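Listed below, chain by chain, are the residues.
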Amino acid sequence: MDVLLTQSFLTSLIFGAVTAGIPLLLAGLGEQISEKAGVLNIGIEGMMLFGAYCGFVAAYYTGSFWLGYLFGGLGGMVVAALVALLCIRLGLNQIVIGIALTIGFEGLTALLHYVQFSRTYPRLSPVPTLAIPGLSDIPVLGQALFNHNALVYLAVLLTFFLAWLFRNSFIGLNLESAGNKPAALDAAGVSVLATRSAAVLATGFLAGIGGAYMANVGAGLFVPFMTNGAGFIGIVLAMLARGRPVWVLLGAALFGISLAMTTALQVAGINIPTDVVQMLPFAMVMLVLVIFARHSVLPPALGLPYVRGER
Amino acid sequence: MSFVSDTRADSAVPQPPSSKLVKSTLAAVLRIFLPVLLALVVGGLILFAMGKNPLDYYGYVLNRGLFSWGGFQATLTRMVPLLLMAAGLIVAFRAGIWNLGGDGQFLLAAVITAALAPALIQVMPRSLMIICCIVVSVAVSALWALLPALLKARYGINEIITSLMMSFLGISFANVLVKLVFRDPTTTVPQTPDLPVADRLPRLFDTTVHAGILIALVVIVLVHIMMTRTSFGLKLQIVGANPRAAVHAGLNVAWLTIATFALSAGLIGLAGSIEILGVWGTVRADWNPAYGLVVVPLVFLARFHGIGTIGFTLFFAILMIGGESASRRIGVPQHYVLVLVALLLLFLALVEYLDQLWRKRVKD
């Protein structure tokens, strides 16, 4: 048992938890923005996957990780634009369209990957890391927490920025009312459709970056269907966080650890089938839902299209 | 609807009933076939962009899935799990419950059946073994859906997410069962002990189609009758249409939610159990046909109508069987079918929207 407490094990566990948790954090924050505005974004899995694909291809051809993130975010926004057009403009069923987009981009990215790379899976070079001076010298924690790709620090900063934005700015207020009482927002002279569209596009951008990070940094390559439910975990995070970004961060850390267990246990030389470990994050989700079920809160207008003048 | 618009509708020029019937039938046919056609056309454009001839592909798919005798039998065989899963989804969707955990429920039932069948066949006749396997597997699937059902009934937690989570959990758990618990020690690739072909579900006449197709057809008709002609089905429909109204009507919504989930998951479990008893006889590690989400658009296309689902299931089974052999011959990956399914859903929703817009305009 003492092998579990060695330094290298702890470092690799926490390092892996951060790497696995960042896509969940970005997806969860993105979903939170959508849900605040009253859009249930089931298609977020498709956004992440298309972001992962676009991000990987961009990074593969340009060699730049930052361009990878940018194109990943843009890829996610393409899917989000479809949500905005079909669900918000036309008021189509958000669940049906969400399922369609998830299935569709699963298939499409697999096709695109096949057309481009046939059955090979090219790898990217290792990601550049930014060691934070001073902090990264702390034993065990330093290398695990403060020696990551710069995007990791940006994502964490974004959490606090969003917390400030939701609470202290008119943008946060607009989002909140688009989800709680869209008619009130309309009466105040702000377009509900524009607010919701902007929220969904922001979701797509964040989820797409999350996907790109997952492909380029987490795995170093693109595999079809690679998000494997991460988008849905993001939805759970947003549900349980009750509109507070910091809770998404905590949740992402929790699920990141359970995802990182697989590789960490292998480092420690403990061999249990990966399937057992793969159950961990989902079992964790259900456990958390059972314990905190009564505390999860969703906006009243969630999932309902807004039609002016309709009751 | 206000009183004024009612009188206006009455004063409209009355049409002869026959032309009205023709028109409404035409509209219904259009509503169903337009999305299919649009999906095939846009899908064809994607194939074209990949440098393949879409007509070649569709022709090949039709040939392999429908017009060749072996392919047609494979298509009928593939219809069995699709029909049973569709039956499960119809029950849930009509009650307004989104059970998207089909894959987990299907696989768990399949693994339980695959584990039980070879053991039970040693001690009891085939017919009894089949019944035992089905009953136990269906119960396990229904139980697997209990947690999402309880969370939905008690706390109103969105069942889409919980059933999906349970599905991911179920898929991994089924693998754990195959690799660690029910593994056949004599094989190199982890799989459950094989059920001899002679002990599987009987084949129909001289074909390769097993008796499960009869079970599936009977089940989907029964489900349709239950949902449209019995008080239980009507209660579920009320819950689906307006849960708050259902509470005021004195219905026990929590209990009906749990019953719906159990029934829906049970039917999906039946699909898994019969697929093993009829076709495979064993479950290999990491086997997951992933029918769960792709059945969703079929059920929507049929407007949750049990009998109508049969036609769409046939259509989709042809696509799958033809697509599988096209992926080997023409070099279009199997994933193309996923894109087609998504396009179907998309155009279905769009055509529905245009239809409503058009009706509104006619009414005004």
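Note that the structure is predicted; figures quoted are calculated from it, not measured.

K.L.:
So what exactly am I meant to see when it comes to the overall build of chain A here?
P.N.:
The number of helices and strands found in chain A is twelve helices and two strands. Ordered by position from N to C terminus, the α and β elements of chain A give α-α-α-α-β-α-β-α-α-α-α-α-α-α. In terms of overall size, chain A behaves like a compact globule, its C-alpha atoms giving a radius of gyration of 20 Å where 311 residues would be expected to give roughly 19 Å. When the backbone C-alpha atoms are referred to their principal axes, chain A occupies close to 65 × 45 × 40 Å.

K.L.:
Honestly, the pattern of salt bridges in this entry has me stumped. Any pointers?
P.N.:
All names here are of chain B. Under the definition given, this model contains seven salt bridges over all chains. Between glutamate 352 and arginine 303 there is a salt bridge, with the nearest N and O atoms lying 2.9 Å from each other. Highlighted residues: glutamate 352 in helix H15 (residues 336-363) and arginine 303 in the loop between helix H13 (295-301) and helix H14 (306-329), separated in sequence by 49 residues. The exposure class of arginine 303 is partly exposed, given its relative accessible area of 31%. Put simply, aspartate 355 and arginine 359 hold a salt bridge, and the shortest N to O gap is 3.2 Å. With aspartate 355 and arginine 359 both in helix H15, this residue pair falls four residues apart, about one helical turn.

K.L.:
What am I meant to see in the environment of glycine 240 of chain B here?
P.N.:
Residues and elements named next belong to chain B. You can see glycine 240 is positioned in helix H10 (residues 231-241). Placed 147 residues apart in sequence, glycine 240 and phenylalanine 93 show a C-alpha to C-alpha distance of 7.5 Å. Leave out the neighbours within four places in its chain, and glycine 240 touches Arg94, Ala95 and Gly96.

K.L.:
Would you mind going over the interface of chain A and chain B with me for this structure?
P.N.:
For interface size, the figure often reported is the accessible area lost on association. Contacts between the two partners involve 42 residues from chain A and, on the opposite side, 40 residues from chain B. Around 3,800 Å² of area is buried between chain A and chain B when both sides are counted, 87% of it from carbon and sulfur atoms. On the chain A side of the interface with chain B, the three residues burying the most area are Ile103, Leu111 and Met286 of chain A, jointly 17% of the side's total. Seen at the junction of chain A and chain B, the total is zero residue pairs in polar contact (both at pLDDT 80 or more). Put simply, the parts of the chain that give the side of chain A that touches chain B at least two residues each are helix H4 (94-117), helix H10 (230-241) and helix H12 (274-292) of chain A. Per-element accounting of the side of chain A that touches chain B gives the leading share, 14 residues, to H4 of chain A. Its residues assigned to classes, the side of chain A that touches chain B shows 32 nonpolar, seven polar and three charged.

K.L.:
Sorry if this is basic, but what is going on with the packing of aromatic side chains here?
P.N.:
Remark: the centre distance and the inter-plane angle together describe each pair of aromatic rings, the angle taken between the planes. Scanning the entire structure with this criterion turns up 22 aromatic pairs over all chains. Seen in terms of ring centroids, tyrosine 57 of chain B and tyrosine 336 of chain B are 5.2 Å apart; in terms of plane orientation they differ by 85°. Their pairing is edge-to-face. Residue tyrosine 57 of chain B is located in helix H3 (residues 54-67), and its partner tyrosine 336 of chain B is located in helix H15; the two are separated by 279 residues in the primary sequence. Of the two residues examined, tyrosine 57 of chain B and tyrosine 336 of chain B, each falls in the buried class. On the numbers, 5.1 Å between centres and 45° between planes, the contact of phenylalanine 93 of chain B with tryptophan 98 of chain B is tilted. Accessibility classification places phenylalanine 93 of chain B together with tryptophan 98 of chain B in one group, the buried group. Members of the aromatic cluster, joined through ring pairs, are Phe56, Tyr60, Tyr61 and Phe117 of chain A. For lysine 36 of chain A, the ring lying beneath its charged end belongs to phenylalanine 166 of chain A, and the centroid distance is 4.7 Å.

K.L.:
Teacher, can you tell me more about unusual backbone geometry here?
P.N.:
Across the chain, the bulk of peptide bonds are trans and the bulk of non-glycine residues have phi less than zero. Although it is not a glycine, phenylalanine 225 of chain A sits at a positive phi angle of roughly 65°. By secondary structure assignment, the location of phenylalanine 225 of chain A is in the loop between helix H9 (192-219) and H10. Overall, phenylalanine 225 of chain A belongs to the partly exposed group, its relative accessible area being 32%. Even without being a glycine, arginine 303 of chain B presents a positive backbone phi close to 55°.

K.L.:
Honestly, a nonpolar patch on the surface in this entry has me stumped. Any pointers?
P.N.:
On the surface, Leu30, Leu34, Leu37, Leu38, Val41 and Leu45 of chain B cluster together into a nonpolar patch covering about 530 Å² of accessible area. Tracing the chain through its elements places leucine 30 of chain B in helix H2 (residues 17-49).

K.L.:
Honestly, H12 of chain A in this entry has me stumped. Any pointers?
P.N.:
One turn of the α-helix equals 3.6 residues, which is why residues spaced by three or four share an orientation. Residue and element names in this part refer to chain A. An ideal rise of 1.5 Å per residue puts 27 Å on 19 residues; H12 measures up with 28 Å between its terminal C-alpha atoms. At proline 281, H12 shows its largest kink, close to 30°. Taken as a whole, H12 has its buried residues at Asp275, Val277, Met279, Pro281, Phe282, Val285, Met286, Val288 and Leu289.

K.L.:
Could you clarify how one ought to interpret H9 of chain A in this entry?
P.N.:
Residue and element names in this part refer to chain A. For H9, with 28 residues, the first-to-last C-alpha span of 39 Å sits near the 40 Å given by 1.5 Å per residue. Along its length, H9 reaches its greatest deviation from straightness, about 25°, at tyrosine 213. One side-chain oxygen at the N-terminal end of H9 lies 3.4 Å from the backbone nitrogen of leucine 193; it belongs to serine 191. Looking one or two residues beyond H9, the residue adopting positive phi is glycine 220, at roughly 80°.

K.L.:
What's the story with the packing of helix H6 (residues 126-144) of chain B against helix H7 (residues 146-155) of chain B in this structure? I'm lost.
P.N.:
All names here are of chain B. With their axes 4 Å apart at the nearest point, H6 and H7 run at an angle of 35° to one another. Taking contact as the criterion, the partners of Ala142, Leu143 and Trp144 in H6 are, on H7, Leu146, Leu147 and Pro148. In terms of residue class, the contact of H6 with H7 is built from six nonpolar, no polar and no charged.

K.L.:
How should the packing of helix H6 (residues 150-168) of chain A against helix H7 (residues 170-180) of chain A be read in this particular structure?
P.N.:
If you want to describe how two helices pack, look at the angle between their axes and the distance between the axes. All names here are of chain A. Running from N to C, H6 and H7 cross one another at 75°; their axes reach a closest spacing of 5 Å. Considering the angle they form, H6 stands roughly perpendicular to H7. Within the contact between the two elements, H6 uses Leu165, Phe166 and Asn168 and H7 uses Phe170, Ile171, Gly172, Leu173 and Leu175. Residue composition of the contact of H6 with H7, by class: six nonpolar, two polar and no charged.

K.L.:
Would you mind going over the environment of leucine 82 of chain B with me for this structure?
P.N.:
Residues and elements named next belong to chain B. Within the secondary structure layout, leucine 82 lies in helix H4 (residues 69-94). On the accessibility criterion, leucine 82 (0% relative accessible area) is buried. Residues leucine 82 and threonine 313, spaced 231 residues apart in sequence, show a C-alpha to C-alpha distance of 6.5 Å. Excluding residues that lie within four positions of it along the chain, leucine 82 makes contacts with Tyr291, Val295, Thr313, Phe316, Ala317 and Met320.

What counts and what doesn't
Residues numbered from 1 in each chain as written. Chains lettered and ligands numbered in written order. Predicted model: local features only at pLDDT ≥ 70, side-chain atom pairs only at ≥ 80, totals over all residues. Heavy atoms only, no water. Helix = DSSP H or I, 4+ residues; strand = E, 2+ residues; numbered from the N terminus. Rg over C-alpha atoms; globule rule 2.2 N^0.38 Å. Salt bridge = Lys/Arg side-chain N within 4 Å of Asp/Glu carboxyl O. Buried < 20%, exposed > 50% of the residue type's maximum accessible area, 1.4 Å probe, protein only. Contact = heavy atoms within 4.5 Å. Buried area = accessible area lost by both parts, 1.4 Å probe. Polar contact = N/O pair within 3.5 Å; in protein donor to acceptor, adjacent residues only side chain to side chain. Nonpolar A, V, L, I, M, F, W, Y, C, P; charged D, E, K, R; others polar. Phe/Tyr/Trp six-rings, centres within 6.5 Å; stacked < 30°, edge-to-face > 60°. Lys NZ or Arg CZ within 6 Å of the ring centre and 35° of its normal. Patch = residues over 30% accessible without salt bridge, like charges linked within 9 Å, V, L, I, M, F, W, Y side chains within 5 Å. Areas by Shrake-Rupley, 256 points an atom, 1.4 Å probe, with all protein chains shown as cover. Expected span 1.5 Å × (residues − 1). Bend = angle between axes of the 7 residues up to and from the residue. Axes fitted to C-alpha atoms, helices over the stretch in contact; angles between N-to-C directions. Parallel < 35°, antiparallel > 145°, perpendicular 65-115°, else oblique.

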